Amino acid sequence: MTPDSVLPVPVLPVPGAPELLTFGESMVSLRSAGPLSAGGSLAMHVAGAESNVAVGVARLGHRVGWAGVVGADPHGEFILRQLRSEGIGVHHRADASRGTGVMFLEQRTADVTRAFYYRAGSAGSTLSRDDVDAAFRNGARVLHLTGITAALSQEARRAVEYAAARAAGEGLDVSLDVNYRSKLWSRDEARAVLSPLARHASILIASDDELGLVCAADAGNGTEPRAADDAETAMAAELLDRGVREVVVKRGPAGAGVHTAAGRWETPAVPVTSIDTVGAGDAFTAGYLSALLDGEDVPGRLQRGALAGHSPSAPPVTGKACPAGPSSRCSGPRPAEQPSARACPRPSTRHPPNFNRHRKPGPLVKIIAAEVFVTSPSRNFVTLRITTEDGVTGIGDATLNGRELAVAAYLKEHVAQLLIGKDPHRIEDTWQFLYRSSYWRRGPVTMAAIAAVDMALWDIKGKLAGMPVYQLLGGASRNGLRAYGHASGADLPSLFDSVREHLELGYKSIRIQTAVPGIKAVYGVAAQAQASGSGMTTSPPGAVRSRWRRTGTPGRTCGTCRPCSRRSGTSSARSCRCSMTGTTG
């Protein structure tokens, strides 16, 4: 069993309204494998409780939206790219006046990690109500919040309070994870904000030492197990009386529990060999919310949360890669009967037999149409348009000058029907299929057709990612390149006029072509005076450029305007539509 067979990893934002919406500050995490004071290399990741949960829920096959503010800097670009690559719809604002927050993580032991934050006054702390309103436009079923965002600034705190009240008023499930950070505020400050905020929550998630921060008073956990359990039960009852539907308590190695009006459920922790504990709580939350979205009952949610919290396919944002798969904090089990097992194995007994029924296969968007257009001038351009069932279209060019109808027929008769029903995200697979499955290979007609499909699918991917395709392929490779214009004319004087017009437009390179006496038409020449006196064009009708090209024949009239006079410099040729190309020069 491979990691991907259990937890699918979508690579594009799934079209449609998100099932879960979350927002908060995402930072760049620079992680050291040992003490920072000893130096050494640092690995770069994305950090943030909300983005961790977003990745986990997206990896379990759900549509997820994340909103936040990043700096207009490479760190912000990195965060956005990483989240989009996980299939998350990103609603962001870039603040050019502030930087993206940074944190350093120092791995002391497998169970001990120290964090050093450089986030004061960061772009993420400027999250506002306007940002929340923008994120809400697409709707959602569940809103997930954490106490971390409320601790960043007064403005961010007001945004969290507004979002919780608005979501509750609109009937959304509000999930609030306390996520107390002592480096951001004191327990008294946190209680003053989070306790009233909890009244909007339908699901409240806290570790056993955080539960008192959302109650009227911190009852403490006691020193004995029985006293601790009684304190937890009392605080959970208070929260249930205030309208919270589910109180979820995370206890680390002691497991987790859920208190509801209907009763209490418990689950033990999954026995593991710990490699990295960072993000384990966020992974638990992601599993719990994923099961909620799938309609599981409370025991089912609790079970999936426990499994996700110890899964090698937990959110990859904050931590190291797992040798068994794309994990951030893999801590797979090491059964006693397998003493030689590697650090994070994926044995078939890892999950209960019915675990796969929870999985969703990710974005199963299909291609529903592939249309071919042969367009102007005459039949020079061949364009393929691919449409998905969600209405997203991609355009690809299949032009093969002189053989354009052959490519059009190849696309219509042999390629289009093969695309219907395919997943537009599987670009490489589709390219290989078209290249290798056809009898005739590598010819210019076949390759022009395949190139159009490839281009159209990348166009769709870029639209769904909200990024230019060149950014998806690694970014721009140059800032610009020199372009040349086409100057042409019926004879040498008109050709020189056309050259001068291009020079006035700023062209530094000009391709020139002129008519040949006795030949009716020459490709690329704007007017063939010796043939008919009317112009020919190599541009689509209605194209708009900066100037009209004069192509009329001197002394000749169309019957609707006065004779044109190219040599005298009059402007009559510019108002004579019959003597022009129909486009501008």
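Residues numbered from 1 in each chain as written. Predicted model: local features only at pLDDT ≥ 70, side-chain atom pairs only at ≥ 80, totals over all residues. Heavy atoms only, no water.

Quick notes on the nonpolar core
Membership of the largest hydrophobic core comes to 44 residues, with the highest contact counts inside it found for Phe23, Leu143, Leu204 and Leu239. Here the element with the most residues in this core is helix 6 (residues 154-169); it accounts for 6 residues. If you look at the next biggest cluster of nonpolar residues, it comprises 33 residues, including Val57, Ile79, Leu80 and Ile88. (Core = buried A, V, L, I, M, F, W, Y, C linked by side-chain atoms within 4.5 Å. Buried < 20%, exposed > 50% of the residue type's maximum accessible area, 1.4 Å probe, protein only. Helix = DSSP H or I, 4+ residues; strand = E, 2+ residues; numbered from the N terminus.)

Observations concerning the environment of leucine 411
Residue position: leucine 411 is located in helix 11 (residues 404-419). A relative accessible area of 1% places leucine 411 in the buried class. Taking the C-alpha atoms as reference points, leucine 411 and threonine 383, 28 residues apart in sequence, are found 10.0 Å from one another. Leaving out residues up to four positions away in the same chain, leucine 411 has contacts with Val372, Val382, Leu384, Ala398, Ala416, Ala449 and Val453. (Contact = heavy atoms within 4.5 Å.)

Digging into helix 6
With 16 residues, helix 6 should cover 22 Å at 1.5 Å per step; its first-to-last C-alpha distance of 22 Å lies within 8% of that length. The complete set of buried residues in helix 6 reads Ala156, Arg157, Ala159, Val160, Tyr162, Ala163, Ala164 and Ala167. The inward-facing, buried residues of helix 6 abut strand 1 (20-23), helix 4 (129-136), strand 8 (142-146), helix 5 (147-150), strand 9 (173-177) and helix 7 (187-197). Trailing helix 6 by a residue or two, glycine 171 shows a phi angle of about 85 degrees, which is positive. (Expected span 1.5 Å × (residues − 1).)

Let's talk about the pairing of strand 10 (residues 203-207)
Of all 5 residues making up strand 10, 5 are buried, and the element is well covered by its neighbours. Residues Ile203, Ile205 and Ser207 line one face of strand 10 and the alternating positions Leu204 and Ala206 line the opposite face, and both faces are buried. Bridge count for strand 9 against strand 10 is 3 bridges, and the pairing is parallel. Its bridge partner lying in strand 10, serine 175 is registered against isoleucine 203. (Pairing = 2+ DSSP bridges.)

Regarding the sheet that holds strand 9
If you walk across this open sheet you meet the 9 strands as 5-4-1-8-9-10-11-12-13, and the pairing is mixed. The open sheet is flanked by strand 5 (88-95) and strand 13 (263-267), the only strands paired with a single partner. For this sheet, the mean angle separating the axes of adjacent strands, direction not counted, is 15 degrees. Running over the sheet, helix 3 (residues 74-85) touches strand 4 (64-71) and strand 5 and is turned about 170 degrees from strand 5. Where helix 6 meets the sheet, its contacts fall on strand 1, strand 8 and strand 9, and the angle it forms with strand 8 comes to roughly 155 degrees. (Axes fitted to C-alpha atoms, helices over the stretch in contact; angles between N-to-C directions.)

Some details on the pairing of strand 5
When strand 4 meets strand 5, the two strands line up parallel, connected through 8 bridges. Along strand 5, the bridge assignment pairs valine 64 with isoleucine 88. Each parallel crossover has a hand, and for strand 4 linked through helix 3 to strand 5 it is right-handed. (Right-handed = clockwise from strand over helix to strand, strands pointing away.)

Regarding the pattern of salt bridges
Summed over all chains, the structure comprises 22 salt bridges. Put simply, arginine 251 and glutamate 266 hold a salt bridge, and the shortest N to O gap is 2.6 Å. Placement of the pair is arginine 251 in the loop between strand 11 (246-250) and strand 12 (256-260) and glutamate 266 in strand 13, with a sequence separation of 15 residues. The exposure class assigned to arginine 251 is buried, which follows from its relative accessible area of 15%. We classify glutamate 266 as partly exposed; its relative accessible area is 42%. Salt bridges linked by common partners bring Asp229, Glu232, Arg251, Arg264 and Glu266 together as one network. (Salt bridge = Lys/Arg side-chain N within 4 Å of Asp/Glu carboxyl O.)

Focus: helix 15 (residues 492-504)
Given a rise of 1.5 Å per residue, 13 residues ought to cover 18 Å, and the 18 Å separating the end C-alpha atoms of helix 15 matches this to within 8%. Every buried residue of helix 15 is listed here: Ser494, Leu495, Asp497, Ser498, Val499, Glu501 and His502. Contacts made by the buried residues of helix 15 are with strand 17 (484-489) and strand 18 (509-514). Just beyond helix 15, the residue with positive phi is glycine 506, at close to 105 degrees.

Description of the packing of helix 2 (residues 49-59) against helix 9 (residues 280-293)
Where helix 2 contacts helix 9, the axes come no closer than 8 Å and their chain directions differ by 45 degrees. In this view, helix 2 runs oblique relative to helix 9, as classed from their interaxial angle. Considering how the two elements wind past one another, helix 2 and helix 9 form a crossing that is right-handed. Of the residues in helix 9, those in contact with Ala49, Asn52, Val53, Gly56 and Val57 of helix 2 are Asp282, Thr285, Ala286, Leu289 and Leu293. For the contact of helix 2 with helix 9, a count of residues per class yields 6 nonpolar, 3 polar and 1 charged. (Parallel < 35°, antiparallel > 145°, perpendicular 65-115°, else oblique. Left-handed = near helix turned anticlockwise from the far one by under 90°. Nonpolar A, V, L, I, M, F, W, Y, C, P; charged D, E, K, R; others polar.)

Topic: unusual backbone geometry
Positioned with a positive phi, asparagine 179 is a non-glycine residue whose angle comes to about 45 degrees. For asparagine 179, the position within the fold is in the loop between strand 9 and helix 7.

Comments concerning the packing of helix 9 against helix 10 (residues 298-309)
At a closest axis distance of 7 Å, the pairing of helix 9 and helix 10 adopts a crossing angle of 145 degrees. Seen along the crossing, helix 9 lies across helix 10 with a hand that is right-handed. The residues of helix 10 that touch helix 9, namely those facing Ala280, Ala283, Phe284, Gly287, Tyr288, Ser290, Ala291 and Leu292, are Val298, Gly300, Arg301, Leu302, Arg304, Gly305, Ala306, Ala308 and Gly309. In terms of residue class, the contact of helix 9 with helix 10 is built from 10 nonpolar, 5 polar and 2 charged.

Details of the confidence of the model for the protein chain
For the protein chain, per-residue confidence averages 76 on the pLDDT scale, and residues scoring 70 or more make up 72% of the total. Here residues 1-14 is a poorly scored stretch, pLDDT under 50, and it has 55 contacts once near neighbours within four places are set aside; other chains count. Note that residues 527-585 has pLDDT below 50 and, in this model, 122 contacts with residues that lie over four places away or in other chains. (pLDDT = per-residue confidence, 0-100.)

Overview of the sheet that holds strand 14 (residues 367-375)
Here we have 3 strands laid out as an open sheet, ordered 14-15-16, and antiparallel in their pairing. Each having just a single partner strand, strand 14 and strand 16 (393-397) make up the two edges of the open sheet. Between one strand axis and the next, the sheet turns by 20 degrees as a mean value, whatever way the strands run. Alignment of strand 14 against strand 15 (residues 381-388), held across 8 bridges, turns out to be antiparallel. Pairing of valine 374 across the sheet is with valine 382, part of strand 15. Across the sheet, helix 11 touches strand 14 and strand 15, and the angle it forms with strand 14 is around 175 degrees. Here helix 13 (residues 444-465) sits on the sheet and contacts strand 14, strand 15 and strand 16; the angle it forms with strand 16, its principal contact strand, is near 145 degrees.

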